[in-house]
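Understanding the architecture of this molecule
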Amino acid sequence: MNLFETLGKRLVFFDGGMGTLLQEKGLAAGELPELWNLEHPESIENIHRAYLDAGADIIKTNTFGANRAKLRGCGHSVSEIVTAAVRLAKKAAAEKDALVAMDIGPTGKLLRPMGDLDFEDAVSMFGEAAKVGEQAGADLILVETMSDTYECKAAVLAAKENTNLPVFATLIVDERGKLLTGGDIPAAVAMLEGLGVDALGLNCGFGPDQLLKFLPQLRECCSVPIIINPNAGLPHDVNGKNVFDVGPEEFAADSKKMAEGGAWLLGGCCGTTPAHIRAMVNLCAGITPKPIEKKNFTVISSSQKAVYFGGKPVLIGERINPTGKSRLKQALRDNDMDYLLREAVTQQQNGAHVLDVNVGLPEIDEVSVLRKAVQEIQAIVSLPLQIDTSNPAAMEASMRIYNGKPLVNSVNGKAESMKAVFPLVKKYGGAVICLTLDENGIPDTAQGRFAIAKKIMKTAEAYGIDKKDLIVDTLVMTISAGQQNAAVTLEALRMVRERLGLCTSLGVSNVSFGLPHREHLNAAFFTMALQNGLNAAIINPNSTAMLNAYYAFCALNGTDAQCMDYIGHFSQQEAAAKPDSGTQVSLPEAIYRGLKDSAKTAASALLAEKEPLDIINTEMIPALDRVGVDFEKGTLFLPQLLMSAEAAKAAFEVLRAKMREKGETAKKGKIILATVKGDIHDIGKNIVKVLLENYSFDVIDLGRDVPPETIVETARAQNVKLVGLSALMTTTVVNMEETIRQLHAALPDCKVMVGGAVLTPEYAKKIHADFYSKDAMGSVRFAQKVFEQQP
């Protein structure tokens, strides 16, 4: 089958689940499914054939966990396992003219700074597997079940850097359409399409009826084929066996709705069998895929949100740029990242939509400093970043580790500039600010600047960069040096918008250099530029005059529905003055915002007037509770939760040192955490650990793949009253049940709380857990309840 000739002409069908069928063939709880490629090749080949006989066009290799992180200690190399898996699939597929997808799943770890896996180590792991897969004969790469855009980017980048194969990617979302790390569908699509994936969509998580509701949102923002590979519902226990609740006919009926709704590729995930795929193919094979409408959005994204240009004007915060800012220059020299983070937080609070990040000082290593600044800022704020540098090496280093689709500032009409920047924009999928200057400088006329914009657009097209990813800056010159400077800029701006259809941006405040009372000129010029088609402005979002002009313009031009933003802006102004990012940040605010250095400083200052335990109870715990409430409401997400926990940890270290001097303790009780036997995923467990420790619980982390006996003996020896168990795979839930049974038999007073992607409240009750927690904050709440009841 020729994949790209087939796509769009008819539906293309993936196979279904592998783990469920392997369990039926004897896969033991906790056993690595990937080892069956070597130890039971006939079973794997038979499963592939069963799916092909059911009508699958693409079969996935049994390599979901084939990476160094998951296979460590198994006795076989990644190369051995992947090669065997691909060859088995190719042998089966050859009989049906089907394709083989090299299946790449997540590592089970969070990437830094949220976790302990370095981005480049993740790229290396995924790249190793992808390269072997191509060498063994895979036809395409499928990056699947990704709950973190950052890890997904690492996998997609690895596949593209190490193979010449088509790359597909599918994500796993919760009932709100959010990834584990807080990203939404438009943000993820912006990043993945920017990276050049050939198809994308959703898999796992839910049954087809639940994933169906996210299809319209995918259709609204996608310009590539959409994949939907749902579970056969959610698992439940029947006589000690995992059973999924959606049968083949129901699965097929919902798949038909997805086909009619615009999906081009359909298949199954956990719990689906050849019977599910056969029913789906029989019912859906005659449906003609809906045509894909190419979206011409100019869009950038962070890990959590997408920002679109062309509608309501976009504000780009300019405060993280050392030009004319002596305090920022000193912070960069001192490697004071906390100052940059405070500036970032303040600009986000004051209404910026995007943050410019520029660290260009001649005396610093711009490559390493810009990379670090981007990495730390994107962990603290939810806004997309504008990577601002004229250094191609610094630009690439930062674009590479950026979690989302970045905005790059800038390229210009010089041949050397376009040659350096456009390949990076193409590879990493950014949008780019285009400055209307070239080898002859900045033209004095609007026509001259328009001509450069047109030249940049034509050259970008030669690099495969769509004009929607170009944002033209027609360059603001100070009016003190020429009375017509503002008029020329605005005329060029209007020409670019009307004749080329490109989005525009300006560094507005340049207009007033050398003149008194600059804010008045800036605000007036800003309003004039907006009226002439300005889509994005680089401004100081801490400036009251600029924000007043912005909200007034949006209310007047109809982009502020019912003037609600205008009303809200002035209501806030009346309630309180804008915060000054240069002032000392309070401990609760530092914790809430995830500012580690500020938290340490504030904790040290408070020790002059309060006792450590008093600070913990009156400052830290309320701040953590605020974070927890917002996390549970869905207004704050995992990255912020973890950064807040890190800030609290930094403050706690200061307080603990003081408590040691006084012989005090803040520990509230011992809790064991463990991922159950056979399961090597520890993302959830590690998140719970961080939060429990911040609430002063004494956590004994037994790690991953922990036998029931080890957990019971540790609980007995340490007199532990609460144990937290995690499992991510359906095959290991039986070990969770056995661990609970042994704990309750040996230690009746010990409570057990459980969590994990495969669990539900009903399932947790079935295996006799005392508490099911859907997230880390739920574990904290239960721990507080347990230890409040202890004598």
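Going by the structure above, here's the rest.
What this report covers is the structure whose coordinates are included nearby. From a predicted model like this one, the values you see are computed outputs, not experimental measurements.

Across its full length, the protein chain carries 32 helices and 25 strands. A compact globule built from 791 residues should have a C-alpha radius of gyration of about 28 Å, and the protein chain, at 28 Å, falls within 12% of that. In terms of principal-axis extent, the alpha carbons of the protein chain reach across some 85 × 75 × 50 Å. The buried share among the 791 residues of the protein chain stands at 60%. A separation threshold of at least 6 residues defines the contact pool for the protein chain, and within that pool the share at least 24 residues apart is 75%.

The next subject is the sheet that holds strand 25 (residues 771-772). The strand order across the open sheet built from five strands is 22-21-23-24-25, with neighbouring strands paired in parallel fashion. Either end of the sheet is taken by a strand with one partner, and the two such strands are strand 22 (698-701) and strand 25. Sheet topology note: the strand 21 (residues 670-675)/strand 23 (residues 722-726) ladder contains five bridges and is parallel. Each residue of the ladder has a partner; that of Leu673, found in strand 23, is Gly724. Contacts from helix 29 (residues 708-718) reach strand 21, strand 22 and strand 23 within the one sheet, and its direction differs from that of strand 21 by about 170 degrees.

What follows is about the layout of surface pockets. Computed from the structure, the second largest pocket encloses a volume of approximately 770 Å³. Around the second largest pocket, the lining comprises 27 residues; the ones closest to its centre are Glu318, Asn321, Ser509, Asn510 and Ile538. The set of elements that each furnish at least two residues to the lining of the second largest pocket consists of strand 13 (314-320), strand 16 (407-412), helix 21 (518-531) and strand 20 (536-539). Considering every element that reaches the lining of the second largest pocket, the biggest residue donor is helix 21, with three residues. Classifying every residue of the lining of the second largest pocket by side-chain character gives seven nonpolar, 12 polar and eight charged.

A word on helix 28 (residues 683-694). Given a rise of 1.5 Å per residue, 12 residues ought to cover 16 Å, and the 17 Å separating the end C-alpha atoms of helix 28 matches this to within 8%. Turning to helix 28, its buried residues are Ile683, Lys685, Ile687, Val688, Val690, Leu691, Leu692 and Asn694.

Applying the stated rule across the entire model yields four cavities of 30 Å³ or more. Around the largest cavity, the lining residues are Leu111, Arg112, Pro113, Met114, Asp148, Tyr150, Thr181, Ser303, Gln378, Ala379, Asn403 and Pro639. Here the residues of the lining of the largest cavity are counted per class, giving six nonpolar, four polar and two charged. Roughly 50 Å³ of internal volume is contained in the second largest cavity. Along the walls of the second largest cavity sit Arg219, Cys222, Val224, Pro225, Ile226, Gly262, Trp264, Ile292 and Lys295, which together make up its complete lining. Taken together, the residues of the lining of the second largest cavity sort by class into six nonpolar, one polar and two charged.

Thresholds, definitions, all that
- Residue positions are given per chain, counting from 1 as you read along its sequence in written order.
- With pLDDT at 70 or above as the cut-off, local features in this predicted model cover only qualifying residues; side-chain atom pairs require 80 or more to be listed or tallied, and sums for whole chains, interfaces and linings still use all residues.
- Side-chain descriptors were evaluated using all non-hydrogen atoms of the structure, hydrogens and water having been removed beforehand.
- Helix numbers and strand numbers start at the N terminus; a helix is a DSSP run of H or I with at least 4 residues, a strand a run of E with at least 2.
- Based on C-alpha atoms, the radius of gyration is set beside the globule rule, defined as 2.2 Å times the residue count to the power 0.38.
- Burial classes follow relative accessibility: with a 1.4 Å probe on protein chains only, a residue under 20% of its type's maximum area counts as buried, one over 50% as exposed, and anything between as partly exposed.
- For this analysis, residues touch if any pair of their heavy atoms sits within 4.5 Å.
- Only strands that DSSP links by at least two bridges are regarded as paired with each other.
- Whenever a helix is involved, its axis is fitted only over the stretch in contact; in every case the axis is a line through C-alpha atoms, and angles between N-to-C directions fall within 0 to 180 degrees.
- Of the two site types, the cavity is a set of points on a 1 Å grid over the protein atoms alone where a 1.4 Å probe fits but cannot get out, and the pocket is an open set with protein on both sides within 12 Å along at least five of seven lines, each lined by residues with an atom within 4 Å of a point.
- Grid points are joined across faces, edges and corners, and a volume is the space filled by probe spheres set on the points.
- We call Asp, Glu, Lys and Arg charged. Ala, Val, Leu, Ile, Met, Phe, Trp, Tyr, Cys and Pro are nonpolar, and the rest, Gly among them, are polar.
- Each residue after the first adds 1.5 Å to the expected span of a helix.

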